[in-house]
Amino acid sequence: QTMATSSSDRRLHHVESGSGRMQRLNAVVLGESIASEEDELVFPSEGFSEQALVSSHVQMYKRSIEDPAGFWSEIASEFYWKTKWGEEVFTENLDVRKGKITIEWFKGATTNVCYNALDRNIEAGNGGKIAIQWEGNEPGHDAQLTYSELLEKVCQLSNYLKDIGIRKGDAVVIYMPMLMELPIAMLACARIGAVHSVVFAGFSTESLAQRIVDCKPKAVITCNAVRRGTKVIQLKDIVDYALVESAKNGVLVGACLTYENPSAMKREETKWQDGRDIWWQDVVPKYSTTCEVEWMDAEDPLFLLYTSGSTGKPKGVLHTIGGYMIYTATTFKYAFDYKSSDIYWCTADCGWITGHSYVTYGPLLNGATVVVFEGAPTYPDYGRCWDIVDKFKVTILYTAPTLVRSLMRSGDEYVTRYSRKSLRILGSVGEPINPSAWRWLFNVVGDSRCPISDTWWQTETGGFLITPLPGAWPQKPGSATFPFFGVQPAIVDEKGNELEGECSGYLCIKNSWPGAFRTLYGDHERYETTYFKPFTGYYFSGDGCRRDKDGYYWLTGRVDDVMNVSGHRIGTAEVESALVSHPQCAEAAVVGVEHEVKGQGIYAFVTLVDGVSYSQELRKSLVLAVRHQIGAFAAPDRIHWAPGLPKTRSGKIMRRILRKIASRQLDELGDTSTLADPSVVDQLIALSDF
Ligand code: 6R9
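Please read these numbers as outputs of a predicted model, since none were measured by experiment. (Residues numbered from 1 in each chain as written. Predicted model: local features only at pLDDT ≥ 70, side-chain atom pairs only at ≥ 80, totals over all residues. Heavy atoms only, no water.)

### Focus: the packing of aromatic side chains
Link 1 in the chain: Throughout the structure, instances matching the rule amount to 54 aromatic pairs.
Link 2 in the chain: Measuring from centroid to centroid gives 5.5 Å for Tyr 334 and Phe 485, while their planes differ by 85°, and the two rings are edge-to-face. Residue Tyr 334 is located in helix α10 (residues 321-335), and its partner Phe 485 is located in the loop between β20 (452-454) and β21 (489-492); the two are separated by 151 residues in the primary sequence. The same class applies to Tyr 334 as to Phe 485, namely buried.
Link 3 in the chain: Ring plane angle 15° and centroid distance 5.1 Å describe the contact between Trp 438 and Phe 442, whose orientation is recorded as stacked. Taken together, the residues span about one helical turn, with Trp 438 and Phe 442 both in helix α15 (residues 435-445) at a distance of 4 residues. (Phe/Tyr/Trp six-rings, centres within 6.5 Å; stacked < 30°, edge-to-face > 60°. Helix = DSSP H or I, 4+ residues; strand = E, 2+ residues; numbered from the N terminus. Buried < 20%, exposed > 50% of the residue type's maximum accessible area, 1.4 Å probe, protein only.)

Structure follows, in C-alpha cells:
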C-alpha cells in the first residue's frame, strides 16, 4: 500500500522517549540488531495515518509522473485564474544540446498570487481567521491580523507604491526584520505586479548595495531598527550607506520607505534624508484599504532572491508567478499534512527562500494561520520556542537542524518544562539533519508522536523536492525519504551516467516542476552553465546524495564550493574575496569544516602581504572585514596563517588538502606530489595550533 511496506517486515521498532541529555534509542528489534542507521524505520502511529491527507502515495505519485500536465492542472484549477492556460500546461527543455534552457508552466494564463492568498480565502468565508500571529522579541509583545485585516494593510501599501510610480515589472528591495510588515510588503508587491527582492536583514551594507546595484529597484522598504535578543540593530543606517554606495555605482533609488519600530528605536534618533526617506506610518495608513489586482501572466516574474554560488557574485534566482504559486501551496499542504485547524510556525526569516515559500506564500495560499516571530529563539532563554508553541498552540513547527542542535545542548529541561501537546508535525530544513538531532527532535520535542518532515530543497527549486509525506510511509532518522509528486530525481556519477538502485553520487532532477526557477536575473548563460551543463539533460543541484536499498534518499551536503553554515548558504569565494579586500591579506582559501552546532564552520587559510606579521589583532580585523563585506553570519570561525597555499602546477588551490588539514585528518592528506611546492603542506601543519 505504501512505498516502504515491502521493507517493513525487516525490522519493526519505534523510538522511545529518552531521558537526560544523551538520548537513548530503545529499539524493539525483531531478530538481529540494527545493522546501520539505514535500517531504522520509524512508523507513524495508526491514528496519524488514518487522519493523514495522503496515506497511500503510490497511485498519486505515479499519476504525477505519467501525466504531469493533468496532475498539475487539476491542482491549479483549485486556484483563481483570471484567464486559463491553453492546451500546453507546460513546456521544458533541460538539455543544452537542444538549445536554450526553458521552463514554463501555465504560460498565457493570468492570475495574481496575492489575490489567491488573501481575497480568495476571504471570499471562501475565512476573512475573520487569523492570518498572521505575530510574536515580538519581548515575551508578551504580540499582535495579530485576520485575513481581512491583512488584505486591507496590503492594499494600503499597494496603493502607496502605485502612487509613487511603481508599476508592473519594477523591482522593490525589501530589507526588514520579521515584522508583519515584511510579508505585507511582499504581498503588496505581488498585488501590483512589482518584483520584490528581499534581502535578509543580517546582510551587511556592502552586500545590500551589491544587490541594489544588480536589480536597480525603484524603492527600498526598510525599518529603522530591530531588537533581536538583547541587541539593537540599526537597519536604516545600513540602508543609508548602501544607497550611497549604489549611487556611486550609478543606481539611484528614489524612495526609502521606513517603518518605525518604536520598540527598538525612536524616530527622532533615526538618521534621515528628506525627499528620499518616508515614514511608513505617516503615509501608508492614509491610502484606501482596497486596491485592484494587477492580473499577471503566469510566467511574469514574482521575485528575485539572491543566493550564493561558487563564485563571489551572488546569483539572482528568479521565480515566476503561476508555477511557484501552485508548487508552494501544494508542497506545504502535503508535506505538512495541512488541516484548516492547524497553527503553523516556521522559524525561518523571510530573507531566505524558506521564509518566502513557507512563511509567506505556501501557508497563506492555504488559508493557514502563520506565526511570525521577530526575536531570537534563545531569548530570554532556551525555552522561548516552546513558550511560543504553548502560547499559540502551534501544531506544525518547521525549523532548522542548527537550532535543534543548539537547543539540544542546552538541556531537555527547557523543553520538558512546557507542554507542547498541541504539536503534531515537526519539520526540518536547511541542511542534512543528523540522526542524533533527528531523534532528539522526535523524542524530546515531539514526545515520540510527531512525524518529522525533513524537507530537501533549495532557493532554486522554489519548494520541496524530496520530503516525507507524514503518515504515508515510515521514516528513517536523517533521511529526507522520497521525491515529492512530479519530481524525478537521478543520482549520477562523475560522467553523468544515471545510477540505479542503491548508490551514491550527484543529485540531479530529470524533469521540470512548477516551482523551478526560470533563470538567473540578467545572466541566463550562468544559469545554463551552473545548473544544466555539468550533467547534460539534467538539473544539477550541487548536492551529493545516497539512495539506500529501500529507495530512501540521504542528502550528504554540497559537492561544490558552497558552505552551509547554520543552514545559510555561503560561497567560499565570497568569504575569500571579503578577506582579500583587507589590505594586509594577500591571498585566502576558505573551506567548510564540521561544526557541532552550525553544521559547518568557516575555516580560512590566509596568506599575508610580505612583511606583515601574524597577530591576534590582525585575526580580529580579518574577521571584521568579512562581517562588513557579507554579514555577521559569515564570519570565519578560524583563521589559519598560511605562508603558502597548496596549489597545483597550474595554480589551482587544492581544497581537498586544505579540508583535511582543517579537519585534522592529517593521515588522509592523500597524494601531494602533484603540488607545485609540496613543502607548503608541512608549513601549514606546523603553523596550526592543535
Ligand atoms: C531551502 C534551503 C540549499 C541547500 C541545498 C542543501 C541544503 C536544504 C536540506 C538540505 C539536506 C535538507 N539543504 N535542506 N540538505 N537536507 N532537508 O535551505 O535553500 O538556502 O538555497 O540552501 O541547503 O545542500 O543544496 P538554500
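### A look at the sheet that holds β20
Link 1 in the chain: Pairing within the open sheet is mixed, and its 7 strands lie in the order β5-β4-β17-β16-β18-β19-β20. Taken across any chain shown, the strands that pair with only one partner, and hence form the sheet edges, are β5 (142-146) and β20. Strand-to-strand twist in this sheet, taken as the mean axis angle between neighbours without regard to direction, amounts to 20°.
Link 2 in the chain: Here strand β4 (residues 130-135) runs beside strand β17 (residues 369-373); their pairing, made up of 4 bridges, is parallel. Within β17, the position partnered with Gln 133 by the bridge is Val 371.
Link 3 in the chain: Its contacts with the sheet place helix α11 (residues 353-365) against β4, β16 (343-346), β17 and β18 (396-399), and it is angled at close to 165° to β16.
Link 4 in the chain: Strand contacts of helix α12 (residues 384-392): β4, β5, β16, β17 and β18, with the helix running at about 145° to β4, the strand carrying the most contacts. (Pairing = 2+ DSSP bridges. Axes fitted to C-alpha atoms, helices over the stretch in contact; angles between N-to-C directions. Contact = heavy atoms within 4.5 Å.)

### Considering the UniProt feature "domain: AMP-binding enzyme C-terminal" (unreviewed entry) in the chain
Link 1 in the chain: In this numbering, the UniProt entry assigns the feature "domain: AMP-binding enzyme C-terminal" (unreviewed entry) to residues 574-652.
Link 2 in the chain: Between the end C-alpha atoms of residues 574-652 the distance is 17 Å, and the span holds 27% helix and 32% strand. (UniProt positions renumbered as here; feature names shortened; annotations may be inferred.)

### What about the UniProt feature "domain: Acetyl-coenzyme A synthetase N-terminal" (unreviewed entry) in the chain?
Link 1 in the chain: Here, UniProt's "domain: Acetyl-coenzyme A synthetase N-terminal" (unreviewed entry) annotation points to residues 59-117.
Link 2 in the chain: Here residues 59-117 runs as 37% helix and 17% strand, with 29 Å between its end C-alpha atoms.

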